[in-house]
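Remarks on the overall topology
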Amino acid sequence: MKNAFELIEYNGIPYPEGYISRIKEVAGHLDKECIEQEDCYSLHTEYSYGKRKLDSAILNKYKELREAHKGGVPQLWKSEEWAKEFFAFICELTADKNPPNIVEIHPPFNDYADIEHFVKCYKVFEKEIKQAYPNTNIFIENRSGAVYRGGRFVVGKADEIVSLCEAIEKYNLDLGIVLDFPQLLTAERLDTLKFNADKYKAAIEKIHPYQHLIKGIHIWGKKKNLKGRWIAHCGTLDTYFGGNEESKTIFLDGIKRICDDGRTRFLVPEVNSGAEDLRSIIEDVFRR
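The structure reproduced in this document is the subject of the present report. (Residues numbered from 1 in each chain as written. Predicted model: local features only at pLDDT ≥ 70, side-chain atom pairs only at ≥ 80, totals over all residues. Heavy atoms only, no water.)

Some thoughts on the sheet that holds strand β8 (residues 176-180)
- Strands sit in the order β1-β2-β3-β6-β7-β8-β9-β12 around a closed barrel of eight strands; the barrel is parallel. Looking at each pair of strands side by side, their axes are set apart by 30° on average, direction ignored.
- Bridge count for strand β3 (residues 41-45) against strand β6 (residues 102-105) is three bridges, and the pairing is parallel. Each residue of the ladder has a partner; that of L43, found in β6, is V103.
- Running at roughly 140° to β3, helix α2 (residues 80-93) makes contact with β2 (21-28), β3 and β6 of the sheet.
- Of the strands in this sheet, β8, β9 (214-219) and β12 (265-269) touch helix α8 (residues 245-258), which is tilted by about 165° from β9. (Pairing = 2+ DSSP bridges. Helix = DSSP H or I, 4+ residues; strand = E, 2+ residues; numbered from the N terminus. Axes fitted to C-alpha atoms, helices over the stretch in contact; angles between N-to-C directions. Contact = heavy atoms within 4.5 Å.)

Below you can see the structure in the form of structure tokens.
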């Protein structure tokens, strides 16, 4: 799969020799007040895993963004007015910088929204941002897991990803999907140490007809700490699958299946545990 991906640098960790990246991921969550100048970058917007302060000088200008939260966890796509303010926030954050190559967004929670609600709000956002940044790609990432109480993300499981793809086509949205494979496993309740290969393959086959909408992928590992607790974005695929080579191979074959159409996709290896773990994951992916 070596020619199938355009690599995005994550967390400042450089790629191993022989792998070239021209785009950097830049954090653009709701507590950010500024970003550094980059030639090419992907703006990773609020993903609502945990609590935010929501009290920055920028955010004080945007009442809907500031007040849309539960227990400090931002409630994304709360309303059409929220979408307008989200656009304004992004424009202010990037005003004196190069336009982002990619703006990556995330889905709302299901205690106040469904896919139709998201689409209604997103259309307002898309119209505004495409006028401001006509050459910027907009991608949405599937999500699973947050400290949020009372709801879960509306796009996490394979069936939900399919429903979003159907909505993208129905409403002719200019929106691509970044498929986060580990988060898909979490949403589908797939235990990597007792890997249900048939369930995983079934999830991949549900998504496969919409592979033309999958514009990128996220990949990362997990490993257990000394207390036996899983730490996300650390370790390798070997630690993630408990050293089971067969399970790891099936997992990688799922990535290959989604990416088997010759299209070039963006690849973000979300690895926080250093260059050697990054090398291991990258070599695993490209080896398939």
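Here's the deal with unusual backbone geometry
- Backbone geometry places W77, a non-glycine residue, at a positive phi of 55°.
- A positive phi angle is found at R189, which is not glycine, with a value near 55°.

Some remarks on the packing of aromatic side chains
- This structure, assessed with the given rule, holds 22 aromatic pairs.
- Residues F5 and F286 carry aromatic rings whose centres are separated by 5.9 Å and whose planes lie at 45° to one another, so their mutual orientation is tilted. One end of the pair, F5, is in strand β1 (residues 5-9); the other, F286, is in helix α9 (residues 275-287), with 281 residues separating them in the sequence.
- According to the relative accessible area criterion, F286 is buried, its value standing at 11%. (Phe/Tyr/Trp six-rings, centres within 6.5 Å; stacked < 30°, edge-to-face > 60°. Buried < 20%, exposed > 50% of the residue type's maximum accessible area, 1.4 Å probe, protein only.)

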